[in-house]
Amino acid sequence: MINPRARRRRLLRKRFLRRPLAIVGLLVALTFVVCAIFAPLIAPYSASATDFNALLAHSSRHHPLGTDELGRDVLSRILWGARASIEAGVFSTLLAMAVAVPIGIVAGYYRGWIDAVIARLTDVLLAFPFLIVAVGLAAILGPSLTNATIALGIGAAPALIRVARGEALALREEDYVRAAVANGASDARILVRHVLPNMLSTLIVQTTVAIPAAIIGEAVLSFLGLGVQPPTPSWGVMLADAQSYLSQAPRLAVYPGIAIFLCSLSFNLLGDGLRDILDPRTTR
Amino acid sequence: MSLLDVEGLSVRFDTDDGVVHAVDHLSFSLADGEVLGVVGESGCGKSVSFMSLLRLLPETATVGGSALFDGIDLLAASNARLREIRGRKIAFVFQEPMTSLNPAFKVGNQIGEVLRRHLSLSRGDARRRTIELLDLVRIPSPERRVDEYPHQLSGGMRQRVMIAMALACDPKILIADEPTTALDVTIQAGILDLMRDIRERLGTAIVLITHNLGVVADVADRVVVMYAGRKVEEAPVHDLFARPQHPYTVGLLGAVPRPGSGRLQEIPGRVPSLAELPRACAFAPRCPRADELSHSQVPELREVEPRHLVACFHPGPDAEAA
């Protein structure tokens, strides 16, 4: 008899391998994560090293993607810039989850006045576009990557609260929740063991929507000067700097643009694939 | 000596359309090791009565009366006290085996969770006991099934898992709410057989809620017949089938298929809405024996023969008698 755990793992792997887009997403996303972690080792130059003999240089053997107006290597800056993007994307999403999921579950499971208050507040916050909230918060907190991450996390929370609440509303009516109550389970145990695990696949999908949104959000905040501060590299900062040289060197805007696009797309593709394979109700 | 004593249980729901009286002054008792069948049409308050005992109803329900179990009034007990009783001393088996198990966990872990919470067993002990329980409910190769997810099991198998979970802490009372309704007939027979076996081997008192008189005839010792939230008849199972007294019971028995009995008799009309409790016999509008009295007064329960109670002004086994 085969060990069921091993069997399940093999099953999941097989299903994943059948989704080429998900694999591409995984590989590209992993590449960005690796670049972010090992930027100091991979990047050919320091992100702030200037080469005044090669200002706005085209791509060459020394500078594969050319240089910017200060003679800094564009490839190196993109690799270093992945740090800010991944950090902001991952940590702001974790923050949003940590805030939103407990609030949403409590609101959806207990209903009553607590739900009414939370749902109305969420609706009010959702009336503002995500980026407006994030820009406003970042402006209040002051410009830095950490504050931008916090602002993006809080900005993403209302949508997640709504999702978690909706799931909890549906799950509290499940027969197995009723059965758990009849078996003497405490509220805390029901929320942690029965409600939370069954909304995980939905939360994973939400995560993979939230991460790319936060990556783009970080670029926007940095572009506006509310996120990463120069000379620290960030794709948003690079875009902002490239504005003045658009006619002479449009590539300075194109390369970080491509990086933002690929990075957010890869997380989206990965998320779609994960959603398809992780749903326990379709494990067969 | 009775294990559970329910007195004057009333349940009403406050809905947007007004108050619904689901159960009206229901009283009954359950002895140690007894199998009590509770019979009635859908919506007559059978499930609600028993769910109200463990306070499993939504907040819109108002429950009155008393339910003495083990020296505690369940209806007045604190939530913490009640959690100790739920699943430990009084266990529930629900109608829907397909959806009553959490799809995210292996069945063994779900049974183990109950064991570890109520009996503080270690992980290893809980697993051993879980395998024993699966074996008790006659699940083949329990060592393997314990590590399977609910979706890998059939409906009958899942219902056995639910029963195993209910039996996990060796409860005093097992309340089975239509445990066989969602299953096909051969599987039903197996589950009922299992119920009998449990009573004999473990001495668990069982409340079997069903709308199927065949099921009751098969396993119950005593039967309570409910209609529109009230108890209309109560009798030992043989007396009920031999000499049904209430015209509703007579009607129900006429609707049970039997070989060679020809066309099934139906009971005309429908269960009344429970929005307003009539100041009369609730069955009167459908009853062939109903007269002026039935339409103007609520019949009291009275004992027509030893241990045989009926709430009717014109009791008798024969439909033509009145």
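Residues numbered from 1 in each chain as written. Chains lettered and ligands numbered in written order. Predicted model: local features only at pLDDT ≥ 70, side-chain atom pairs only at ≥ 80, totals over all residues.

Caption draft 1: Structural view of the sheet that holds strand β6 (residues 90–93) of chain B. All names here are of chain B. Across the sheet, which stays open at both edges, the eight strands sit in the order β6-β7-β8-β3-β9-β10-β12-β11 with mixed pairing between neighbours. At either end of the open sheet lies a strand with only one pairing partner, and these are β6 and β11 (302–305). The average angle at which neighbouring strand axes cross in this sheet is 20°, direction not considered. Bridge analysis of strand β3 (residues 35–39) against strand β9 (residues 222–227) gives four bridges, and the strand direction is parallel. Directly across from G37, in β9, lies its bridge partner V223. Taken strand by strand, helix α1 (residues 46–53) contacts β3, β7 (173–177), β8 (205–210) and β9, and its axis lies near 145° from that of β8. (Pairing = 2+ DSSP bridges. Helix = DSSP H or I, 4+ residues; strand = E, 2+ residues; numbered from the N terminus. Axes fitted to C-alpha atoms, helices over the stretch in contact; angles between N-to-C directions. Contact = placed C-beta atoms within 7 Å.)

Caption draft 2: Seen up close, the interface of chain A and chain B. With 20 residues of chain A in contact, the opposing surface of chain B contributes 26 residues. Sorting the residues of the side of chain A that touches chain B by element identifies α7 (175–182) and α8 (187–195) of chain A as the ones contributing at least two each.

Caption draft 3: Region of interest: the confidence of the model for chain A. Averaged over chain A, the pLDDT score is 87; the fraction of residues at 70 or greater is 95%. Taken element by element, the predicted model of chain A shows its lowest mean pLDDT in helix α1 (residues 4–17) of chain A (72) and its highest in helix α6 (residues 145–171) of chain A (94). (pLDDT = per-residue confidence, 0-100.)

Caption draft 4: Quick peek at the packing of helix α3 (residues 107–119) of chain B against helix α4 (residues 123–136) of chain B. Residue and element names in this part refer to chain B. Where α3 meets α4, the axes come as close as 9 Å, and the angle between the chain directions of the two elements is 115°. Here α3 and α4 pass one another in a crossing that is right-handed. Of the residues in α4, those touching α3 at G108, I111, G112, L115 and R116 are A126, R127, R129, T130 and L133. Residues that form the contact of α3 with α4 fall into these classes: four nonpolar, three polar and three charged. (Left-handed = near helix turned anticlockwise from the far one by under 90°. Nonpolar A, V, L, I, M, F, W, Y, C, P; charged D, E, K, R; others polar.)

Caption draft 5: Representation of unusual backbone geometry within the structure. With an omega of 10°, the peptide bond running from P230 of chain A to P231 of chain A counts as cis. With respect to the helices and strands, P231 of chain A occurs in the loop between α9 (200–223) and α10 (235–242). The phi torsion at R111 of chain A lies on the positive side, around 55°, for a residue other than glycine. With a phi angle near 50°, R55 of chain B is a residue other than glycine that sits in the positive phi range. Position of R55 of chain B among the secondary structure elements: in the loop between α1 and β4 (61–69). Overall, the presence of 15 C-beta atoms within 10 Å leaves R55 of chain B in the partly exposed class. (Buried ≥ 20, exposed ≤ 12 C-beta atoms within 10 Å, placed from the backbone.)

Caption draft 6: How the structure looks around the nonpolar core. Grouped together as the largest cluster of nonpolar side chains are 165 residues, with contacts concentrated most on A164, V207 and L208 of chain B. Sort the elements by how many residues they give to this core and helix α3 (residues 74–110) of chain A lands first, with 15 residues. Excluding anything up to four places from it in sequence, V207 of chain B contacts L30, L36, V38, F50, I173, I175 and A176 of chain B. (Core = buried A, V, L, I, M, F, W, Y, C linked by C-beta atoms within 7 Å.)

Caption draft 7: Broad picture of the pairing of strand β2 (residues 18–31) of chain B. As defined by bridge partners, strand β1 (residues 2–15) of chain B adjoins β2 of chain B across 10 bridges and the pair is classed as antiparallel. The partner of F13 of chain B across the bridge, within β2 of chain B, is V20 of chain B.

Caption draft 8: Structural view of the sheet that holds β1 of chain B. All names here are of chain B. Spatial strand order, β2-β1-β4-β5: four strands in an open sheet with antiparallel pairing. The strands lining the two open edges of the sheet, one partner per strand, are β2 and β5 (72–73). By the bridge criterion, eight bridges tie β1 to β4 in an arrangement that is antiparallel. Within β4, the residue paired with E7 across the bridge is S66.

Caption draft 9: Inspection of the environment of D272 of chain A at higher detail. Counting through the fold element by element, D272 of chain A comes out in helix α11 (residues 251–278). Along the chain, D272 of chain A and A22 of chain A lie 250 residues apart, while their C-alpha atoms are 7.0 Å from each other.

Caption draft 10: Focus on the environment of A242 of chain A. Residues and elements named next belong to chain A. Inspection of the secondary structure puts A242 in helix α10. Considering only alpha carbons, one finds A242 and E69, 173 residues apart in sequence, at a separation of 8.5 Å. Apart from the residues lying within four places of it in its own chain, the contact partners of A242 are L252 and A253.

Caption draft 11: Local environment of the pairing of β3 of chain B. Counting buried positions along β3 of chain B yields five of five residues, so the element is predominantly enclosed. Along β3 of chain B, one buried face is formed by V35, G37 and V39 of chain B and the opposite face, lined by L36 and V38 of chain B, is buried too.

Caption draft 12: Spotlight on α10 of chain A. When you tally the buried positions in α10 of chain A, you get seven out of eight residues, the bulk of the element. Looking at α10 of chain A, one finds that the buried residues are W235, G236, V237, M238, L239, D241 and A242 of chain A.

Caption draft 13: Region of interest: α4 of chain B. All names here are of chain B. For α4, which comprises 14 residues, the first-to-last C-alpha distance of 20 Å matches the rise-based estimate of 20 Å (1.5 Å per residue) to within 8%. Of the positions making up α4, those classed as buried are A126, R127, T130, I131, L133 and L134. Each buried residue of α4 sits inside an arc of 160° when the element is viewed along its axis, so together they form one side. Seen from the buried face of α4, the exposed residues on the opposite side, beyond 90 degrees, are G124 and E132. Of the residues trailing α4, R138 is marked for its positive phi of about 60°. (Expected span 1.5 Å × (residues − 1). Arc of directions from axis to C-beta.)

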